[in-house]
Amino acid sequence: AQPMTTLYPAHGPAVRDGHRIVRQYLRHRAQREQKVLAALREQPATAADLLPKVYGDVDRRMLPIAARSLAAGLEKLKEDYAVTVDASGTWRVAR
């Protein structure tokens, strides 16, 4: 709802049409979240096991950054009560 024209990301050039870009980022984040949930529905897993399933489309050089993004996404899903994690670090879909 806020007026938004140009966004200045942490890397890359300034981007015009801020609303479109933010919607694109949110849509991409929701798609990644669905990949996490789908993988966990198939089988509970550690973050290390989830990384290649959820971020298999990412350049291998970017996997350390993807791992941090995955960790943040798992914590968000945990806060939303969508997933749980046990003492061994195994994540599963909440029942």
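Above this text you will find the structure in question.
Residues numbered from 1 in each chain as written. Predicted model: local features only at pLDDT ≥ 70, side-chain atom pairs only at ≥ 80, totals over all residues. Heavy atoms only, no water.

1. Thoughts on helix H1 (residues 18–42)
Here is step 1: Its 25 residues give H1 an end-to-end C-alpha distance of 37 Å, which sits within 8% of 36 Å, the value for a rise of 1.5 Å per residue.
Here is step 2: Burial in H1 covers these residues: Gly 18, Ile 21, Arg 32, Glu 33, Val 36, Leu 37, Ala 39 and Leu 40.
Here is step 3: Where H1 is buried, its residues meet helix H2 (47–54), helix H3 (63–79), strand S1 (83–85) and strand S2 (91–93). (Helix = DSSP H or I, 4+ residues; strand = E, 2+ residues; numbered from the N terminus. Expected span 1.5 Å × (residues − 1). Buried < 20%, exposed > 50% of the residue type's maximum accessible area, 1.4 Å probe, protein only. Contact = heavy atoms within 4.5 Å.)

2. Section: the packing of H1 against H3
Here is step 1: Remark: H1 packs on H3, axes separated minimally by 11 Å, with the N-to-C direction vectors making an angle of 75°. By the angle between their axes, H1 is roughly perpendicular relative to H3. Between H1 and H3, the residues in contact are Arg 29, Glu 33, Val 36, Leu 37 and Leu 40 and Ser 69, Leu 70, Leu 74, Lys 76 and Leu 77, respectively. (Axes fitted to C-alpha atoms, helices over the stretch in contact; angles between N-to-C directions. Parallel < 35°, antiparallel > 145°, perpendicular 65-115°, else oblique.)

3. Regarding the packing of H1 against H2
When two helices pack together, their arrangement is given by the angle between the helix axes and the distance between those axes.
Here is step 1: Packing of H1 against H2 leaves a shortest axis separation of 10 Å and a crossing angle of 120°. The orientation of H1 relative to H2 falls into the category oblique. Taken as a pair, H1 and H2 cross one another with a handedness that is right-handed. Contact with H1, carried on its side by Arg 32, Lys 35, Val 36, Ala 39 and Leu 40, involves Leu 50, Lys 53 and Val 54 of H2 and no other residues of that element.
Here is step 2: Its residues assigned to classes, the contact of H1 with H2 shows five nonpolar, no polar and three charged. (Left-handed = near helix turned anticlockwise from the far one by under 90°. Nonpolar A, V, L, I, M, F, W, Y, C, P; charged D, E, K, R; others polar.)

4. Quick notes on the environment of Tyr 8
Here is step 1: Checked against the element boundaries, Tyr 8 lands in the segment before H1.
Here is step 2: A C-alpha to C-alpha distance of 15 Å links Tyr 8 and Gln 24, two positions 16 residues apart in sequence.

5. Here's the deal with unusual backbone geometry
Here is step 1: At Asp 17, a position not held by glycine, the phi torsion is positive, near 60°.
Here is step 2: In this structure, Asp 17 sits in the segment before H1.

6. Regarding the environment of Thr 46
Here is step 1: You can see Thr 46 is positioned in the loop between H1 and H2.
Here is step 2: Looking at Thr 46, the relative accessible area reads 23%, which means it is partly exposed.
Here is step 3: Sequence spacing of Thr 46 and Val 22 is 24 residues, and the spatial spacing of their C-alpha atoms is 30 Å.
Here is step 4: Not counting residues up to four positions away in its chain, the partners in contact with Thr 46 are Gly 89, Thr 90 and Trp 91.

7. Points about the pattern of salt bridges
As a working rule, side chains carrying opposite charge can pair if their charged atoms are close by.
Here is step 1: By the definition in use, this model includes six salt bridges.
Here is step 2: Of the charged contacts, one joins Asp 86 and Arg 92 as a salt bridge, the two residues approaching to 3.2 Å between their closest N and O atoms.
Here is step 3: Accessibility expressed as a relative area gives 33% for Asp 86, which makes it partly exposed.
Here is step 4: Arg 92 gets classed as partly exposed once you look at its relative accessible area, which sits at 28%.
Here is step 5: Several salt bridges converge on common partners, so that one network encompasses Glu 33, Lys 76 and Asp 80. (Salt bridge = Lys/Arg side-chain N within 4 Å of Asp/Glu carboxyl O.)

On their own, these measurements won't tell you what the molecule is for.
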